[in-house]
Structure formats: C-alpha cells, structure tokens
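Chain by chain, the residues run as shown.
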Amino acid sequence: MKKLKKVLWVILGLVALLIFSFFIFLNTLTPTYEGEKELKSLSTDVEVYFDTYGIPHIYGQNESDTFRALGYVHAQDRLWQMELLRRIAKGRLSEVFGEKLIKTDKFFLALGIDENTQKVLKGLDKNSEAVVLAEAYLDGINQFIEDGPTPVEFYLTGLDKESFTLEDVYNTVGYMAFSFAMAHKTDPLLTNLKNQWGEAYMNDLAIASDTSTVWIRNHNPKKLDSVASTITALTTEALEHLPVPQFEGSNSWVIAPEKTKNGKVILANDPHIGFAQPSVWYEAHVSTPTYEKYGYHLAGVPFPLLGHDRKLAYGLTMFQNDDMNFYYEEPHPSDSTKYKTEKGWADYEYVNKTINVKDGETVQFTYKKTRHGPILNGIADQVTAGQPVAMSWVYTSFDDHEVLQALYGLSHATNITEFQDALPKIHAPGLNVMYGDAEGNVAWWASAKLYKMPDSLSTKFFLNGASGEQEPLRYLDFSENPQAINPPWGYVYSANNQPDSIAGMLYPGYYLPENRARRIVNLLEAKNDWDLASTKEMVLDVTSTVNTVILAELLKSMQVQDIKEEQVKLLDILQKWEGDYPLNSIAGTFYHRCEYFVLKNTFEDEMGAEQFKQFLSTHLVKRHIAKGAMMEEGYWWDDATTEDIKETRYDIVLKSFLQAYQSLEKDFGPKVSDWQWHKVHTLEHKHPIGEVASLRKYFNVGPFSVHGSREVINNMAFPYDSTLHYRVSSGPSTRRIIDFSDIENSMGILPTGQSGNPLSKHYKDQAEMYIKGEFRTMMMNEKEIKEASEDIFIFKPKKR
C-alpha cells in the first residue's frame, strides 16, 4: 500500500509538473508589450507605448525605423492573420486546411492575382519611398518570425513560419480587391435566369437603377444558361470556405464646418466587413519629427487604409462599381486550342498550377485563358461542359498597379491637393474615399479605373466575346469619376448606394439599396449643430425608414377574416412599428421572418432551391425587396408549380404572413411578447481554429445578442436562410469619429480586440464595449500617452 501511495504521489507530481510546464510554455507564446529588443538595421532607438487597449504608439527619429518597429509589433499580434491572407492569392489554403479548400485554391489561382503581382513587381521602382518603407515594415515582420514566439495556431496546424516579401503585400491587397466584387455572384445567376424565364421576368427585378431612390450627388467646383448556373455555384462554393472575412459595404459621412456646433469638420466611418476573429483592422499610431499618422492597417500591409492626423482624416467605403465582366467565348470547331475574335482565331494560353494539400495528394490542374481572362469551365468539377466563359477583371487587366504608392500617398498627404493626387493610382477595388481636414474641406471621390461600354449594353449578363462589339470603348479619366468637393449642402456621404450620373451615363454597379443612404441624408439635413455626441448617436442608429413603408405596403390589404384574432393583435403591433431594432423588438423579428417567406414564396418556385440560395447572397435581392413590395402586378408573384391557379401579390403575402406566424409560434411559443429580437439576432466572432468544437470557446468570441439589423446605419447584417435565425455575418469593422475641434480625443472601437493572439489580454477586451455601442479615445497627445501607457517596449539597434 505504501508503494502504491508513493507511485500515486509521483504520478500526481509529474502531472502537476506537466501542467506547470504547459502554462509556462503558453506564457512564452504571448505577445511582448514591455522590455527591450534589438532590431537589425535600426539606426536609433524606437519607443513603443502600448495604451490600455494594446494600441502601439510608436515614436522614432525617422520613418524607416518606426515602420520597422511597426512590422514587428503588428506581427506579434497578427502573424496568423497575415499568414492566411497572403496564402489566398497563391492558392495555398489547402496546405493549412486540407482538401475542403482545393476548389477555393483553384478559383483564386485562376483569378490571376499572383500572376499580376509578379508583373507589377518587375516594373516596381525599388528606390521609391513607398517601397523603402514597405521593405522596412517587412523587415520588422521577418525579425519577429526569426526570434519571436510562434503563435499557437502554427503549432495546432503544423505550419512552419516563412518570411514575408513585397509579393505578399500585393497579393493581400489583390484579395481585398476581389472581396469587394459582386459580379461573380450576380452576372452568372442573372444570365441563367434570363435564359430560363426571358426578358419580361428580368424587367421585374431591380437590376437597373431606380430614379426614385436616393443617389450620391456629384459636385466638382472645377466643373460646374446551364454554364451560367454552374459558374454561380462555383464562385459561391469557392468563397464559402474562406477562413478570412470578406469586404461587404460601409457607411461614411463628413460634415462641413457650417453644419457643426464647433465650426470644425467631423468625419465618421464604419467600413462593413465580415466578422471574424481576429478582427480586420490593426490600429497603430506612428510618430516621427516629420511624420505622424493614427492608422488602421490590414494584416501584412504597411500603410493604413484608414487614418487621421492633426491636419486631415480619411475613410473608405466600397464603391460597388462593376469592374468584372463575363464573356462567352466561341471555340474553334475542330481545333480545341483556339477561340474566335473579330480578327480571326487566337490561341488559348494554358496555365499549369500545383496545389499542395494537407494530409492529401498534391493536385495538378490546368486552365485556359483568353484575351478577356481565365476560362472558368474546368476549374471546378461541376463546370466542364458547355460554351466557354471567360472572366475579365479590371484588377488583373493592368500590370501598372500603383496601389502601394497610392496608399503611401494617402497616408503621407498634408493637404487636399496632395491627397487627391494619389487617388488616380487606384484601379481596383472601387473605393469611395471620404476626406475632411482642419482647414474645413470635405470631399468624396469614387476611385477606380472606370470604363464606358457601348450604349444599351447591360454588363449584368454574359457578353459576346467573339464579336469585338461588346468591349470597353474607353477608360475614363479620373476627373470624370463621381466626386463631390466642398458641396454647398455642407456634407458628403456614402452608403454604397448609386452615385449620380457621370460621363453621360449612370455608372453600372452592384449598389446597395437606398435604406441607409436615405436615413443618413434625412438625419444630416435636419441638423446644423452636429458634435461628437450627436455623431456617436447617429453611428449607432438602428432605424429603417424604408422597412416600415415596405411592411405597410404588404399588409395594407390584409383581410381580417383571413387571419385569427391573435394575429390581428400582431397587426396592431406591426402598424405602430417605427422601423427600429432594439433588443426587445417584436415587429423587427416578425418583419424579417415574414420577408424571408415572401422572397421564398415569390422566387423559389421559378429559381429552384439552389438558385434561390444564390439569389439571397446578392445585393440584387436587397435592392429588389422594396421594389417588389410595391409591385401589385408582376410575373414572379405567380407560383410556377400551380398550373391551374394564378397567384397574386396578396396570395403570396397572406401565405408568408401565416408561415412567419406559425414558425415563430413553433420556435418561441404562442405569446407574441416572447418573439423578441435578441433571441434571433446574434453575433459570434469566429476564428478558423474555432471550427473545432472543443476549441471554440478558446478561439471564438461571443455569441452576443445585438441590436441593429441589415441595411440600417448600425448595419449588423445577416443572410436570409432556412434556419430563420439571423446570425450576424458582417457589420462595422470599426466605428471611427474624427472631430477636428478636439482631434486628440477622437473616438473609435474594434469589434473584439487589438490582438489576434488568443493568449493576449487584448484578444477580446473591446468585445462587450462594441456590443454596447461604447467608444474609446484614439490617443494622440504624447504626454498623455506616456503617462497612461501600461506597457513600454523599446527597440534598440542591433549591436555588431
């Protein structure tokens, strides 16, 4: 017995030692926020002060040194995120996640982002200031890779760390450019629907711009088939498994001095991006004797996409312009290596690629390219037969990208003229660039490489690639792009809605409906004494003035005799609804449940289950909701499965109302008061490793019940699907308010935290603040920063 006890004590001791060693090991993997570190190529000391939320405030004597330090601290908090983003364009996600990412890798390799990067790098001026600073930033990342702790995700996936290069920067930006696009979700679907149902059905969809909706006004003071359906399936499936967030939409407005209480510009910006953990932006404040910027960085990108200093501020929203077209190509009848052009037969270009697969066999695949771009047939198993379809994308159509120089120019501009000079360098993605400064200027520019197509040609459907008659006629000069500089109405804004006409046309795009735009304009027009507090209120606004109109239109003809007494009581609640989405909203819950069934009962009979699912993923469905509600007559209302009956709008609305009621009764019981928004509208920030059930609680953040909804200013968006629960998929990736009357106390917030390392104290320390609609100060005062900083990290030149 004594021996047994001794053995047990020894075992317990070993277990305790293992646990103790494990926790010591975990502690070595956390980011370093204090102490000293030698960095190669550093000329002088760089001091990094981390504030309460882990934001680095980097002070150095020159930009190269501070960008080198920025690279190091960025990597220690976000190396895993950097790793995933750079792998997308090169088709290397299967190396991490196995065979389920093979189709995604094929798709992104065929897009040609990495090939385009190689061409761009050949023509790059390696001595330009932008490249020099980018290389310094990459040096910092690589020094962390060499001697910093390895993030836990690398151990869990078995990945080895690899150095970063300029190629990775361009590939990351290339992925960002693609994630803004909507054509790949919309054009193949519309082409197939047109082939199935004809022109009349297309006319009943909200494809064209609606002249009755709110558009962004211009003001320039200087100018007073089956293949189609499988391609949709391919792109949907390829993007479904991406382990990183996609860019979705955004709000921004800039208020001129004449409309603010303190007579200074106020800029608000909240880019809408897919929620994930870590969140998209990394905040950093960089200061030297000649340069200062408080910026928001993408993982692996040296220059901030959003930023401000004491002179100016800028933000971004997605333009949503059409920069991608699909072309039917005509193959040679007897020679499979050729395709037809207006000048004769041309040779396909064949591209061979290799994909390494974790725990699987290496995949070799070949795809063809035409003058328009890659042939999508054959990239996935389900797209093999039929007429070849090529995808033409502005981003890969030019190899003179100056995106790095553009981001450098934006972040280093000292006035509106220098800032505007950097914008023509942005070809894709299309961006609404929002600007305000201490001098009182406000501006908006739609920045993209825009082009003019032949009149009356819709680029929302597949084009004829052989005739030469459906090609861009010319590319517009940047001065022709939509823009407004110091407009007389006293503000600029963007909510991804349709911009006013340019170059004699409404520029085609995949714009979002007017819902947010109308609310923003109504609120801005009504006040001339805006300040920080009222702007914060507006950023968090959860009211839709459009949804109440839609609901009223759908229910106005509801016959009491067709519904039960308790359902009549619900009608009273719905009729009093103001279109808002607090956590206890009953009307909001019912509206979205009912709207889903209206869409399902209207479209699924014609489209089928798969195409209807694809339709729900497009901006088109969001645009159609209001238009469709107002159409008393229309082809889509009739149920194609009932040959002897012609359904009307009322039939569809009544059926949907009853289905929504019954489904909520089933989910939450018969008491309508229990059908509250917080039960169905939730947000969970998902980490790729959190897909493993046993690790979910360690890597994911949430879930939380959240107020807001899709297409309100506080745009907590979600997809409609058969679950009938609204799991938020995208929304404000940050909320920023820059007030030039008190620039050092401008406000911001991140959805979870500054660090992407789950062992860091800053992994999720902003999550509950974000849910509650709280803000924190974006500190810029050096004295206050140094007094308040919890941690100080000093980088020193490496001794020889």
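Please refer to the structure higher up on the page.
Along each chain, residues carry numbers from 1 onward, in the same order as the chain's sequence is written. Totals for whole chains, interfaces and linings use all residues, but because this is a predicted model, local features are given only for residues with pLDDT of at least 70 and pairs of side-chain atoms are given and counted only at 80 or more. In computing side-chain properties, one takes all heavy atoms of the structure into account and sets aside hydrogens as well as water.

Caption draft 1: Up close: the packing of aromatic side chains. Within 6.5 Å between ring centres, the rings of Phe, Tyr and Trp (the latter by its six-membered ring) count as paired, and their orientation is classed by plane angle as stacked under 30 degrees, edge-to-face over 60, tilted in between. Per the stated rule, a full pass over the model turns up 50 aromatic pairs. Centre to centre, the rings of Trp197 and Tyr201 are 5.2 Å apart; their planes meet at 45 degrees, and the pair counts as tilted. A relative accessible area of 15% places Tyr201 in the buried class. Through a chain of ring-to-ring contacts, the aromatic side chains of Trp577, Tyr581, Tyr591, Tyr596, Phe597, Phe612, Trp677, Phe718, Tyr720 and Tyr726 assemble into a single cluster. Positioned over the ring face of Trp530 is Lys527, at 5.2 Å from the centre of the ring. Here, over-ring charges are defined by two tests on the NZ atom of lysine or the CZ atom of arginine: distance to the ring centre within 6 Å, and angle to the ring normal within 35 degrees. Across the ring face of Tyr770, the terminal group of Arg735 is positioned such that the distance to the ring centre comes to 4.2 Å. Whether a residue is buried, partly exposed or exposed follows from its accessible area with a 1.4 Å probe, protein chains only, as a fraction of its type maximum: under 20%, in between, or over 50%, in that order.

Caption draft 2: Layout of the packing of helix H19 (residues 587-616) against helix H20 (residues 619-630). Each axis is a line fitted through C-alpha atoms, and for a helix only the stretch in contact is used; angles between axes span 0 to 180 degrees, taken between their N-to-C directions. Here a strand is any run of E in DSSP of at least two residues, a helix any run of H or I of at least four, and the numbering for each starts at the N terminus. Two numbers describe how H19 lies on H20: the axes approach to 12 Å, and their chain directions differ by 135 degrees. In terms of orientation, H19 lies oblique with respect to H20. Like other packed secondary-structure pairs, H19 and H20 cross with a definite hand, here right-handed. Mapping the contact onto sequence places Tyr591, Glu595, Leu599, Phe603, Phe615 and Leu616 in H19 and Leu620, Val621, His624 and Ile625 in H20. All residues other than Ala, Val, Leu, Ile, Met, Phe, Trp, Tyr, Cys, Pro, Asp, Glu, Lys and Arg, Gly among them, are scored as polar; the first ten of these are nonpolar and the last four charged. Per-class residue counts for the contact of H19 with H20 are eight nonpolar, one polar and one charged. For classification purposes, angles smaller than 35 degrees are called roughly parallel, those larger than 145 roughly antiparallel, those between 65 and 115 roughly perpendicular, and all remaining angles oblique. Handedness of a helix crossing follows the sense of rotation of the near helix relative to the far helix, less than a right angle counterclockwise being left-handed and clockwise being right-handed. The contact rule is simple, with two residues in contact once any of their heavy atoms fall within 4.5 Å.

Caption draft 3: Representation of the sheet that holds strand S19 (residues 463-464) in the model. Two strands qualify as a pair provided that DSSP identifies no fewer than 2 bridges between them. Within the open sheet, the three strands sit side by side as S15-S10-S19. Their pairing is mixed. Strands at the two margins of the open sheet, each flanked by one partner only, are strand S15 (389-393) and S19. Bridge count between strand S10 (residues 324-328) and S15: five bridges; the pairing is antiparallel. Bridging from a neighbouring strand, Tyr328 pairs with Val389 of S15.

Caption draft 4: Region of interest: the pattern of salt bridges. A pair is scored as a salt bridge if a Lys or Arg side-chain nitrogen falls within 4 Å of a carboxyl oxygen belonging to Asp or Glu. Within this structure, the stated rule accounts for 37 salt bridges. Here Glu115 and Lys369 are joined by a salt bridge, their closest N and O atoms 3.7 Å apart. Across the salt bridge formed by Lys293 and Asp309, the nearest N and O atoms sit 2.7 Å from each other. Of the two residues, Lys293 is situated in strand S7 (residues 292-297) and Asp309 in the loop between strand S8 (306-308) and strand S9 (312-318); the sequence distance between them amounts to 16 residues. Per residue, the accessibility class of Lys293 equals that of Asp309, and both read buried.

Caption draft 5: View of the sheet that holds strand S24 (residues 701-705). Strand order in the open sheet made by the three strands is S24-S23-S25, with mixed pairing throughout. A single partner strand is all that each edge strand has here, and the edge strands are S24 and strand S25 (726-727). Sheet analysis places strand S23 (residues 681-685) next to S24, joined by three bridges and oriented antiparallel. Across the sheet, residue Thr682 finds its bridge partner in S24, namely Ser705.

Caption draft 6: Looking closely at the pairing of strand S2 (residues 46-50). In terms of burial, S2 is a largely internal element, four of the five residues being buried. Of the pairings in the sheet, the one linking S2 to strand S30 (residues 791-797) comprises five bridges and is antiparallel in character. Residue pairing in the sheet places Phe50 in a bridge with Asp791 of S30. Inspection of the sheet shows S2 paired to strand S3 (residues 56-59) by four bridges, in the antiparallel sense.

Caption draft 7: Local environment of helix H18 (residues 565-575). For H18, every residue scored as buried is listed here: Gln567, Leu570, Leu571 and Leu574. When H18 is viewed along its axis, its buried side chains cluster within an angular range of 110 degrees and face the same direction. Set apart from the buried face of H18 by more than 90 degrees, the exposed residues are Glu565 and Lys569. Among the structural elements, helix H17 (545-555), H19 and helix H21 (649-668) are those in contact with the buried residues of H18. Read the arc as the range of directions from the helix axis to the C-beta atoms.

Caption draft 8: Region of interest: helix H5 (residues 113-122). Of all 10 residues that make up H5, seven are buried, and the element is covered over most of its length. Every buried residue of H5 is listed here: Ile113, Asp114, Glu115, Asn116, Thr117, Val120 and Leu121. Each element contacted by the buried residues of H5 is listed here: helix H4 (102-111), helix H8 (166-179), strand S13 (349-355), strand S14 (363-369), S15 and helix H12 (394-397).

Caption draft 9: Representation of the layout of surface pockets. Of the volumes computed, that of the second largest pocket is approximately 640 Å³. Contributions of two or more residues to the lining of the second largest pocket are made by helix H10 (199-203), strand S18 (451-452) and H20. Here the element with the most residues in the lining of the second largest pocket is H10; it accounts for three residues. Here the lining of the second largest pocket is composed, by residue class, of 15 nonpolar, eight polar and seven charged. Using protein atoms alone on a 1 Å grid, points that fit a 1.4 Å probe yet trap it form a cavity, whereas open point sets bounded by protein on both sides within 12 Å along at least five of seven lines form a pocket; residues with an atom within 4 Å of a point count as lining. Grid points are joined across faces, edges and corners, and a volume is the space filled by probe spheres set on the points.

Caption draft 10: Structural context of the environment of Ala134. Its place among the elements puts Ala134 in helix H6 (residues 129-147). For Ala134 and Glu115, which are 19 residues apart along the polypeptide, the C-alpha to C-alpha distance reads 20 Å. In this view, Ala134 contacts Leu166, Pro302, Phe303 and Leu404; residues no more than four positions away in its chain are not counted.

Caption draft 11: Local environment of the environment of Glu553. Its location among the elements puts Glu553 in helix H17. Judged by its relative accessible area of 14%, Glu553 is buried. In this structure, the C-alpha to C-alpha distance between Glu553 and Lys764, residues 211 residues apart in sequence, is 43 Å. Within the local environment of Glu553, its side chain forms a polar contact with the side chain of Arg649, the two groups lying 3.0 Å apart. Under the rule applied, a polar contact is a pair of N or O atoms within 3.5 Å (in protein, one hydrogen donor and one hydrogen acceptor; residues adjacent in sequence only if both atoms are side-chain atoms).

Caption draft 12: Local environment of the packing of H19 against H21. As a packed pair, H19 and H21 sit with axes 8 Å apart at the nearest point and diverge in direction by 130 degrees. As summarised for this structure, H19 and H21 are arranged oblique, according to the angle between their axes. Note on packing geometry: the crossing formed by H19 with H21 is right-handed. Across the interface between the two elements, Thr589, Phe590, Arg593, Cys594, Phe597, Val598, Asn601 and Thr602 from H19 touch Ile652, Lys655, Ser656, Phe657, Gln659, Ala660, Tyr661, Ser663, Leu664, Asp667 and Phe668 from H21. Tallied by class, residues from the contact of H19 with H21 come to 10 nonpolar, six polar and three charged.

Caption draft 13: Expanded view of the pairing of S10. For S10, the buried fraction is high: five of the five residues fall into the buried class. Where burial is concerned, the two faces of S10 agree: the one with Met324, Phe326 and Tyr328 and the one with Asn325 and Tyr327 are both buried. Here S10 runs beside S19; their pairing, made up of two bridges, is parallel. Opposite Tyr327, over in S19, you have Leu463 as the bridge partner.

Caption draft 14: Local environment of the nonpolar core. Nine residue types can take part in a nonpolar core, namely buried Ala, Val, Leu, Ile, Met, Phe, Trp, Tyr and Cys, and a core is a set of them joined through side-chain atoms within 4.5 Å. Residues Trp253 and Phe795 are the most contacted members of the largest nonpolar core, which totals 185 residues. If you tally residues by element for this core, the top one is helix H2 (residues 63-88), at 12 residues. Not counting residues within four places of it along the chain, the set of residues in contact with Phe795 comprises Lys37, Leu39, Leu42, Thr44, Asp45, Val46, Val48, Ala69, Tyr72 and Val73. By size, the runner-up hydrophobic cluster in this structure holds 59 residues, among which are Val542, Ile563, Leu654 and Ala660.

Keep in mind these numbers describe shape, not what the thing actually does.
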